[in-house]
Amino acid sequence: MELIVAELSRYLLVLFMIIYVFLCFVSFAGSSEEKRRGIYSAQRTITILIYLLCSAVLVLEHPKAKYIFVLSLGLIFYIGFIIMYQKIYNGLSKLILNNMMLCLLIGFIILTRLNIDYMIKQLLFASVAMGLCLFVPFLIDRFKVWEKLGTAYAIVGIGMLLLVFVIGVEHYGAKNWVAIGGFEMQPSEFVKILFVFFVAAALSKRNDFKYVVIITIIAAAHVGVLVLEKDLGGALIFFFTYLSMLYIATSQWLYLAAGLGVGTVAALAAYKLFSHVRIRVMAWRDPWGNINDAGYQICRSLFAIGTGGVMGLGLGQGLPETVPVVESDFIFAAISEELGVIFAICLMLVYISSYIMFVNIAMKMTNKFYKLCAFGLSVVFMFQVFICVGGATKFIPSTGVTLPLISYGGSSMITTIIIFSIIQGLYVKKMREEVAEIEAEYEDEEELG
C-alpha cells in the first residue's frame, strides 16, 4: 500500500508544482486584481494539497501518533501564519507570502522524512521567527532613524562576527557558531541583515571615490573575519552582496570590474594560504578521485540526484541519509532523489519568482536607503540559493550554505523569514504612500472643483 501511494504521489506532486510555478509567472502578466486573487487562492490550495499528500505518505510509512500530531501542527502553523501575517502586513505581496510558506512546508516535509526531531525543532524556529516578524512593519513605520545608523550597523555586525573567537564552537571545519547557555546560533546569518543595512545607509548618503574606499575597507573587514572563521559560503555572500549594491548605488562598471578582479586575486591567495580551501577545490575538481575522502560528500549528493531521475523515487523510497549533512547543506540532493529533478527545478523557479518580486519592490522604492536595502536583501537571498544548489550539484565548490526556508537550522530559518518580512514591510509602506498620494490628489481636485 505504501509503495502504491508513494508511486502515485510522485506524479501528483510534480503536477502540483508545475501548476504552482505556472501561476507564479502568470501573476506577473498584468492580470486584474480579481484574477490575481484567484491565482493566489489557487496557489494556497495547491500548497495545502502538496502538504497533505506528503503527510499521508509519511504517516503510511510511519503509522505513529507522533507523526500525525507533528504534521498536523505544521498545517496549523501554516494556516495561523497566513491569517496573522496578512492582518499585520495589510496590503502585502501575496505571491511572496505564498512562496515563503510553500518553501517552509516543503522543508517541514523533507525534515520529517529525514528525522522527525528536525521537524519539531524547525517548527519551533519558525514560530520564533513568526513572532519576531510581526514587529517589522511597526519598526519600519514608526522610526525614521534606520538610515542614520550606518556606523552602528558596522560596529555591531563586526562585533557579532568576532564573538566566535571568544565563545565559538566548530562545526564541519568552520568555527562560525557561538554557544550561549546551551543554545547555539550562527552570528553571520543575522549579520547579513546588518551588513545590508550598513552598506545601504552608507551609499545612500554619498558615493564619491574617497567615501567608497572607506566603505569598501569596512565591508572587506566583514569578509575577512568570515574567511578567518573558515565560513567560505558566508564570505562569498557578503562579498557578492556588497559588489552588487555598490554597482546599483553608483552605476560604475569600473567598481564592478575592480571588485571582481580583487575577488579573483583574493580567491587565489586563499587557495594558496588555507588548506581547507584547497581541499574544497580538490573535491570539486575531481570528487571521484577522492571519493573515500574529500569528495565523498559531493559524490553521494550526485548519486542521490542521479538516482532520483526526472520524477524521483517517491517520498521515503530513497537513501538521502547516506549524504553527509543532508538535512542542511545538501538537502537539495534529498529533494531531487525522492521528489525528482522536475520538482527540484520547479522549486528553483519558485525562488526565482520571489527574487523577481524582491527586485521589483526595490525598483519601486523612491527612498534610496530603502531601495538599496530591498535590493541587497534580495541578492543575499538569491545568491545563497545559488551557492547551496551549486555546491550540491558540483556546479561550484561546496561552501556549507543552507537552502533558505527548507534546510534545518534556526539561524538560517529566522533570518530568511525576517528578510522576507522586511521586504514585505517596505512593500506595504510604499503601497500606503501611493494610496496617500492618490487621496491627496483627489482632495485637491475636489477643492479646485
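Keep in mind the model is a prediction, meaning the values are calculated, not measured.

Caption draft 1: View of the overall build of the protein. Looking only at helices and strands, the protein features 18 helices and 3 strands. Relative to the globule expectation of 22 Å for 449 residues, the C-alpha radius of gyration of the protein, 22 Å, shows essentially globular dimensions. Dimensions of the protein along its principal axes, counting C-alpha atoms only, are 75 × 60 × 40 Å. Across the 449 residues of the protein, 52% fall into the buried class. In the protein, once contacts between residues fewer than 6 apart in sequence are set aside, the share between residues at least 24 apart is 73%. Entry remark: accessible area of the protein is about 19,900 Å², with carbon and sulfur atoms responsible for 68%. Positive and negative charge centroids in the protein, built from 32 and 31 side chains respectively, lie 6 Å apart.

Caption draft 2: A look at the packing of helix α11 (residues 232–250) against helix α12 (residues 253–273). Contact geometry of α11 with α12 gives a least axis separation of 8 Å together with a crossing angle of 165°. By the criterion of interaxial angle, the relationship of α11 to α12 is roughly antiparallel. Judged by the sense of rotation from one axis to the other, the crossing of α11 with α12 is right-handed. Taking contact as the criterion, the partners of Phe239, Leu243, Leu246, Tyr247 and Thr250 in α11 are, on α12, Trp253, Tyr255, Leu256, Gly259, Leu260 and Gly263. Of the residues that constitute the contact of α11 with α12, the class distribution is 8 nonpolar, 3 polar and no charged.

Caption draft 3: The arrangement of the nonpolar core in detail. Grouped together as the largest cluster of nonpolar side chains are 145 residues, with contacts concentrated most on Phe81, Met100, Leu347, Tyr351 and Leu403. Here the element with the most residues in this core is helix α17 (residues 368–392); it accounts for 17 residues. In this structure Tyr351 touches Cys103, Phe381, Met382, Val385, Leu403, Pro404 and Ile406, once residues within four positions along its chain are discounted.

Caption draft 4: Seen up close, the pattern of salt bridges. Tallied over the entire structure, the rule returns 5 salt bridges. A salt bridge links Glu338 to Arg113; its shortest N-O distance comes to 2.9 Å. Taken as a pair, Glu338 in helix α15 (residues 331–339) and Arg113 in helix α4 (residues 94–114) lie far apart in primary sequence, 225 residues in all. Taken as a pair, Glu338 and Arg113 share a single burial class, namely buried. Through salt bridges with shared partners, one network takes in Arg113, Glu321 and Glu338.

Caption draft 5: A look at unusual backbone geometry. Positioned with a positive phi, Ser251 is a non-glycine residue whose angle comes to about 60°. Positionally, Ser251 belongs in the loop between α11 and α12. One non-glycine residue, Leu405, lies in the positive phi region at around 75°. You can see Leu405 is positioned in the loop between α17 and α18 (410–448).

Caption draft 6: Fine view of the packing of aromatic side chains. Throughout the structure, instances matching the rule amount to 21 aromatic pairs. With centroids separated by 5.6 Å and ring planes inclined at 50°, the aromatic side chains of Phe369 and Tyr370 adopt a geometry described as tilted. You'll find Phe369 and Tyr370 in the same group, each marked buried. On the numbers, 6.0 Å between centres and 80° between planes, the contact of Phe386 with Phe395 is edge-to-face.

Caption draft 7: The arrangement of the packing of α4 against α15 in detail. Two numbers describe how α4 lies on α15: the axes approach to 11 Å, and their chain directions differ by 85°. Classed by the angle they form, the pair α4 and α15 counts as roughly perpendicular. Taken together, the residues of α15 that come into contact with α4 (itself represented by Ile110, Leu111 and Arg113) are Ile331, Ala334, Ile335, Glu338 and Leu339. Partitioned by chemical class, the residues of the contact of α4 with α15 number 6 nonpolar, no polar and 2 charged.

Caption draft 8: Molecular detail of the environment of Leu162. Mapped onto the fold, Leu162 is located in helix α7 (residues 150–162). Residue Leu162 is classed as partly exposed on the basis of its relative accessible area, which comes to 39%.

Caption draft 9: Examining the side chain of Ser188 more closely. Summarising the element assignment, Ser188 is placed in helix α9 (residues 187–205). Within the structure, Ser188 has its side chain in polar contact with the side chain of Asp231 (distance 3.3 Å). Among all residues touching Ser188, those that are not within four sequence positions of it are Leu161, Leu226, Asp231 and Phe238.

Caption draft 10: Representation of the environment of Asn292 in the model. Here Asn292 lies in the loop between α13 (275–285) and α14 (296–308). Measuring from C-alpha to C-alpha, the distance between Asn292 and Tyr271 comes to 22 Å, with 21 residues separating the pair along the chain.

Caption draft 11: Layout of the side chain of Glu337. Take Glu337: it is sitting in helix α15. Arg300 is the oppositely charged side chain nearest to the buried, salt-bridge-free Glu337, at an N-O distance of 6.4 Å. Once residues lying within four places of it in the same chain are set aside, the contact partners of Glu337 are Ala304, Gly308, Gly312, Leu313, Gly318, Leu319 and Pro320.

Caption draft 12: Local environment of α12. Between its terminal C-alpha atoms α12 stretches 30 Å, which fits the 30 Å expected from 21 residues at 1.5 Å a residue. In the core, the buried residues of α12 are packed alongside α10 (209–228), α11 and α13.

Reading the values: rules and limits
Residues numbered from 1 in each chain as written. Predicted model: local features only at pLDDT ≥ 70, side-chain atom pairs only at ≥ 80, totals over all residues. Heavy atoms only, no water. Helix = DSSP H or I, 4+ residues; strand = E, 2+ residues; numbered from the N terminus. Rg over C-alpha atoms; globule rule 2.2 N^0.38 Å. Buried < 20%, exposed > 50% of the residue type's maximum accessible area, 1.4 Å probe, protein only. Contact = heavy atoms within 4.5 Å. Areas by Shrake-Rupley, 256 points an atom, 1.4 Å probe, with all protein chains shown as cover. Lys, Arg positive; Asp, Glu negative; His and termini not counted. Charge placed at Lys NZ, Arg CZ, Asp CG, Glu CD. Axes fitted to C-alpha atoms, helices over the stretch in contact; angles between N-to-C directions. Parallel < 35°, antiparallel > 145°, perpendicular 65-115°, else oblique. Left-handed = near helix turned anticlockwise from the far one by under 90°. Nonpolar A, V, L, I, M, F, W, Y, C, P; charged D, E, K, R; others polar. Core = buried A, V, L, I, M, F, W, Y, C linked by side-chain atoms within 4.5 Å. Salt bridge = Lys/Arg side-chain N within 4 Å of Asp/Glu carboxyl O. Phe/Tyr/Trp six-rings, centres within 6.5 Å; stacked < 30°, edge-to-face > 60°. Polar contact = N/O pair within 3.5 Å; in protein donor to acceptor, adjacent residues only side chain to side chain. Expected span 1.5 Å × (residues − 1).

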